[in-house]
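Residue-level structure breakdown
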Amino acid sequence: MIISLLTDFGLRDNFVGVIKGVILGIDPGIKLVDISHEVPQGDISQAAFLLKSSYKYFPCGTVHLVVVDPGVGSRRKAIIVKTPRYYFIGPDNGVLSLALEREKRIENIVSITNRRFFLEPVSNTFHGRDIFAPVAAHLVCGRDINEFGIPQDGYQQLEFPSPKIIQIRKHVTYGKNRVLQGEIIYIDHFGNLITNIQKDIFKRFVGKRRFFICLGEERVIGRINKNYSQTPKGSPLSIFGSSGNLEISVNCGSAREYFGASVGQIVKIY
Amino acid sequence: MIISLLTDFGLRDNFVGVIKGVILGIDPGIKLVDISHEVPQGDISQAAFLLKSSYKYFPCGTVHLVVVDPGVGSRRKAIIVKTPRYYFIGPDNGVLSLALEREKRIENIVSITNRRFFLEPVSNTFHGRDIFAPVAAHLVCGRDINEFGIPQDGYQQLEFPSPKIIQIRKHVTYGKNRVLQGEIIYIDHFGNLITNIQKDIFKRFVGKRRFFICLGEERVIGRINKNYSQTPKGSPLSIFGSSGNLEISVNCGSAREYFGASVGQIVKIY
Amino acid sequence: MIISLLTDFGLRDNFVGVIKGVILGIDPGIKLVDISHEVPQGDISQAAFLLKSSYKYFPCGTVHLVVVDPGVGSRRKAIIVKTPRYYFIGPDNGVLSLALEREKRIENIVSITNRRFFLEPVSNTFHGRDIFAPVAAHLVCGRDINEFGIPQDGYQQLEFPSPKIIQIRKHVTYGKNRVLQGEIIYIDHFGNLITNIQKDIFKRFVGKRRFFICLGEERVIGRINKNYSQTPKGSPLSIFGSSGNLEISVNCGSAREYFGASVGQIVKIY
């Protein structure tokens, strides 16, 4: 009985501890694992990316609870989604969608409406405590998903940038007339710049020919590293990171600082 | 067997991990839940507020361990307090008092003196490891509270600001001659300004008439939101937060930054 | 079945959560305890010091997993070391060495080579997830250490500064001709300056005579406190901290800020 937790609550306040208290009050045998609580405030995209990159490393039956919920207390719905291996719970604001797209099959979607499982009185600012925590706990303990509310057809999709191939006039320097254009979707604690360009897309585009990786129009590097140490300390490199995406890094340093980079910045492969 | 932990040790060092190691060495079946370890250094008031707002969400029998202890190694006492549903352990410096005031009954207070349960040699700087951790572990495992020391009559109270109603000359702008005056007692990670004005006090003061909420003399808003989304993004609002207190917030933003606010600042209701 | 975790992964990303998911996927009964995840990026010395100061507070049989691994994906080895009471797992880059030196006996060292326990495909950037997590999980579940790879003779030692006694010309102010010279090896979250001068070395050097503790050439203090409160708030003091080392602190303040101190700075005892 495992519940993973992904929120933007931070660790300075008591929000996360209170959620855990509520869950353990329902069954003290539940195992709680923090994915992160440092998602930037209300940043649904970042949370969705973190969930997508994490959920499948948890054992079958894990309930993934995500509370990044800028619309808390409004009419946005709260949902449970069942896939063959997992349950996902969160506000229906797109935060679950990147993970759900990866799952082969959606078995059931329920809009959480049954107040019987809520902590009363339900506040308007902390559904993590009053709705999501008790629902997740009862669910992981074996309650049928349909007890929590009413079936719902789809779920909110997230606008998430996909890489695309663009036809261009022959590039003066690189001599190419096609560019694979992606962007930075996440920057981790080490300052690694994680792009939305996945290995297979990259390989298909590049084939066996020479290529140039550019951050904006600035050329970064023309090869893919096998590991960080192939490049001298303090120098930039490209590598397929642990999520399978192309990353721009600096060996023993921060590519964020090196390039002054930020999420959303364009990455081009010529 | 649950122990909650609330400290100012931070998560950068090994303090919290070591405390957990000591506890699990006594019984590996104990469940540990962090409330927060990011209490500002030695800030007894903030810790007391966090404990008060958290403890009752934990299941009956939980041992709440608080180590915010600027007087560690001095003659300040260490105590265990038993209430009908919980145990509280910490230095007798007031950090437990806000939670204890909320409890209906204090069943027992013990000054921790029995060195049999201590980790020897007891350091003068880390009683969290050498005294509090082993005592909490043995207590949650079922040891009688009286084994840990000698009974004690009261506990240190904390000076904590209460809201008060002040008679004034008729206010030029608001036309009132009474003001409910409270203050900001906590600012959370989202920048929400949590006041000490609880819902029932507010309601009783305001009744059904018009009111004005002011931060210092600056008028903030004249109504209470049901949720954040009622107010446009980036604009300030007032709401009863998850602790039942009046909070000043900014929808999808930080009221701390918006108002340049800090703990202790006066909040007035006209 | 306890695994302690010490990494430089931070808590903002999903690295630590994913490692825990992998471990619990092998056995959900495993107990996970964080020592710290805020080791400065790639700082092997700081991690080694934290491990040394923490590991022995955990119960017998604990697997201590350390992933501070700037050489990930290169040819640096990954090792398991068995001592009478613990297992240690990490990259063979010296990060385990300070703890191992403290252990009376090394029973076995194995270079991790058996891919049967790895999460395939093994990434080149996240061995924490793909190698260390599953190996630690299988090990704590009772697998024989020799199943994980091939025996290895020694392990990488860390260059770690030791205090030394230096003969000098008679000091003008202090009138001594010998100085015990150490340095700051760690600064904790409270700003306490932890030196590498251990209590017994200090005592032996100083004996019963008068002494002067200097940070660089600046005289700090001429006595050792029993506790922080002996010194007025905001003033500096010296104390033997919880690790048994000489620390320079400021009562209810930060010695780091007070002295503008940093790791590596020289501390002299005259």
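All values derive from a computational prediction rather than experimental measurement.

**What about the overall build of chain A?**
When helices and strands are counted, chain A shows six helices and 15 strands. Along the longest, intermediate and shortest principal axes, the C-alpha atoms of chain A span 65 × 35 × 30 Å. Residues counted as buried form 60% of the 270 residues belonging to chain A. Sequence separation of 24 or more characterises 64% of the internal contacts of chain A that already satisfy a separation of 6 or more. For chain A, the accessible surface area stands at approximately 10800 Å², while carbon and sulfur atoms represent 47% of it. Averaging the coordinates of the 34 positive side-chain charges in chain A and doing the same for the 24 negative ones gives two points 11 Å apart.

**A few points about helix α1 (residues 15–26) of chain A**
For α1 of chain A, which comprises twelve residues, the first-to-last C-alpha distance of 17 Å matches the rise-based estimate of 16 Å (1.5 Å per residue) to within 8%. Most of α1 of chain A sits inside the fold, with ten of its twelve residues counted as buried. Of all the residues in α1 of chain A, the buried ones are F15, V16, G17, V18, I19, K20, G21, V22, I23 and L24 of chain A. On the buried face of α1 of chain A, the contacting elements are β1 (2–7), β2 (31–36) and α4 (127–140) of chain A together with β1 (2–7), β2 (31–36) and α2 (44–54) of chain B.

**Describing the interface of chain C and chain A**
Facing 31 residues of chain C, the contacting portion of chain A comprises 30 residues. The largest share of the area that chain C buries against chain A comes from R12, Q41 and T125 of chain C, three residues that together contribute 25% of it. At the surface where chain C touches chain A, the tally comes to 17 residue pairs in polar contact (both at pLDDT 80 or more). With eight residues, helix α1 (residues 15–26) of chain C is the single largest residue contributor to the side of chain C that touches chain A. Residues of the side of chain C that touches chain A, tallied by class, amount to twelve nonpolar, 13 polar and six charged.

**Re the relation of the copies chain C and chain A**
Mapping chain C onto chain A calls for a screw motion: a turn of 120 degrees about the axis and a shift of 0.0 Å along it, with 0.0 Å RMSD after fitting. Taken together, the rotation and translation relating the two chain copies correspond to the operation of a three-fold axis.

**Regarding the interface of chain B and chain A**
Taken together, the 30 residues of chain B in the interface contact 31 residues of chain A. When chain B packs against chain A, the two sides together hide about 2500 Å² of surface, and 58% of this comes from carbon and sulfur. Counting the surface chain B buries against chain A, the share from its top three residues, Y57, H189 and F190 of chain B, is 25%. The interface formed by chain B and chain A contains zero salt bridges. Breaking the side of chain B that touches chain A down by element, the ones donating at least two residues are β2, α2, β9 (178–187) and β13 (236–240) of chain B. With five residues, β2 of chain B is the single largest residue contributor to the side of chain B that touches chain A.

**Let's talk about the side chain of K52 of chain A**
Among the secondary structure elements, K52 of chain A is positioned in helix α2 (residues 44–54). What K52 of chain A contacts, discounting residues up to four positions off in sequence, is L98, A99 and R102 of chain A.

**Some points on a positive patch on the surface**
A cluster of basic residues, K199, K203, K208 and K226 of chain A, forms a positive patch at the surface. Take K199 of chain A: its relative accessible area is 42%, and that puts it in the partly exposed class.

**Considerations on the sheet that holds β2 of chain A**
Residue and element names in this part refer to chain A. The mixed open sheet is built from seven strands, whose spatial order is β2-β1-β3-β5-β4-β6-β7. Of all strands in the sheet, those with a lone pairing partner are β2 and β7 (149–151), marking the two edges. The average angle at which neighbouring strand axes cross in this sheet is 20 degrees, direction not considered. Here β1 runs beside strand β3 (residues 63–67); their pairing, made up of five bridges, is parallel. What sits directly across from S4, in β3, is H64. Taken strand by strand, α1 contacts β1 and β2, and its axis lies near 155 degrees from that of β2. Packed on one face of the sheet, α4 meets β1, β3, β4 (78–82), β5 (87–91) and β6 (108–112) and runs near 175 degrees to β3.

**Describing the relation of the copies chain B and chain A**
Two copies of the chain are present, and they differ by a rotation about an axis and a shift along that axis. Overlaying chain B with chain A gives an RMSD of 0.0 Å, the required rotation being 120 degrees about an axis along which the chain moves by 0.0 Å. Mapped onto chain A, only 7% of the interface residues of chain B again fall at the interface, so the copies present different surfaces.

**Overview of the pairing of β1 of chain A**
All names here are of chain A. With six of six residues buried, β1 lies mostly within the body of the structure. Burial of β1 is two-sided: the residues I2, S4 and L6 facing one way and the residues I3, L5 and T7 facing the other way are all buried. Bridge analysis of β1 against β2 gives five bridges, and the strand direction is parallel. Paired with L6 across the bridge in β2 is S36.

**Overview of the domain arrangement of chain A**
All names here are of chain A. Annotation of chain A at the domain level lists domain 1 (2–151) and domain 2 (164–269). Listed per partner, the contact involves five residues of domain 1 and seven residues of domain 2. Around 520 Å² of area is buried between domain 1 and domain 2 when both sides are counted, 56% of it from carbon and sulfur atoms. Contact with domain 2 buries area across many residues of domain 1, yet Q46, F49 and L50 alone supply 75% of it, more than any other trio. On inspection of domain 1 and its partner domain 2, the count reaches zero salt bridges. In this structure, the connection of domain 1 to domain 2 is made through one residue pair in polar contact (both at pLDDT 80 or more). Here the side of domain 1 that touches domain 2 gets three residues from one element, more than from any other, and that element is α2. Looking at the side of domain 1 that touches domain 2, its residues break down into three nonpolar, one polar and one charged.

**Structural notes on the nonpolar core**
If you look at the biggest cluster of nonpolar residues, it comprises 67 residues, and the most contacted ones within it are I3, I80, I89 and V135 of chain A together with F88 and L96 of chain B. In terms of residues, this core owes the most to one element, α4 of chain A, which gives eight residues. Excluding residues within four positions of it along the chain, V135 of chain A makes contact with I80, I89, I112, F117, F118 and F148 of chain A. Grouped together as the second largest cluster of nonpolar side chains are 66 residues, I3 and A78 of chain B together with V39 and I44 of chain C included.

**A closer look at the side chain of N225 of chain B**
Residue and element names in this part refer to chain B. Take N225: it is sitting in the loop between β12 (218–221) and β13. At 2.9 Å, the side chain of N225 forms a polar contact with the backbone oxygen of N227. Excluding anything up to four places from it in sequence, N225 contacts Q230, T231, L237, S238 and I239.

**Some words on the pattern of salt bridges**
By the definition in use, this model includes 27 salt bridges over all chains. Measuring nitrogen to oxygen at the nearest pair gives 2.8 Å for the salt bridge that ties E147 of chain B to R143 of chain B. According to the relative accessible area criterion, E147 of chain B is partly exposed, its value standing at 29%. The exposure class of R143 of chain B is partly exposed, given its relative accessible area of 32%. Salt bridges linked by common partners bring K82, R105 and E107 of chain A together as one network.

Parameters at a glance
Residues numbered from 1 in each chain as written. Chains lettered and ligands numbered in written order. Predicted model: local features only at pLDDT ≥ 70, side-chain atom pairs only at ≥ 80, totals over all residues. Heavy atoms only, no water. Helix = DSSP H or I, 4+ residues; strand = E, 2+ residues; numbered from the N terminus. Buried < 20%, exposed > 50% of the residue type's maximum accessible area, 1.4 Å probe, protein only. Contact = heavy atoms within 4.5 Å. Areas by Shrake-Rupley, 256 points an atom, 1.4 Å probe, with all protein chains shown as cover. Lys, Arg positive; Asp, Glu negative; His and termini not counted. Charge placed at Lys NZ, Arg CZ, Asp CG, Glu CD. Expected span 1.5 Å × (residues − 1). Buried area = accessible area lost by both parts, 1.4 Å probe. Polar contact = N/O pair within 3.5 Å; in protein donor to acceptor, adjacent residues only side chain to side chain. Nonpolar A, V, L, I, M, F, W, Y, C, P; charged D, E, K, R; others polar. Least-squares fit on C-alpha atoms with pLDDT ≥ 70 in both. Salt bridge = Lys/Arg side-chain N within 4 Å of Asp/Glu carboxyl O. Patch = residues over 30% accessible without salt bridge, like charges linked within 9 Å, V, L, I, M, F, W, Y side chains within 5 Å. Pairing = 2+ DSSP bridges. Axes fitted to C-alpha atoms, helices over the stretch in contact; angles between N-to-C directions. Domains from an automatic or database assignment. Core = buried A, V, L, I, M, F, W, Y, C linked by side-chain atoms within 4.5 Å.

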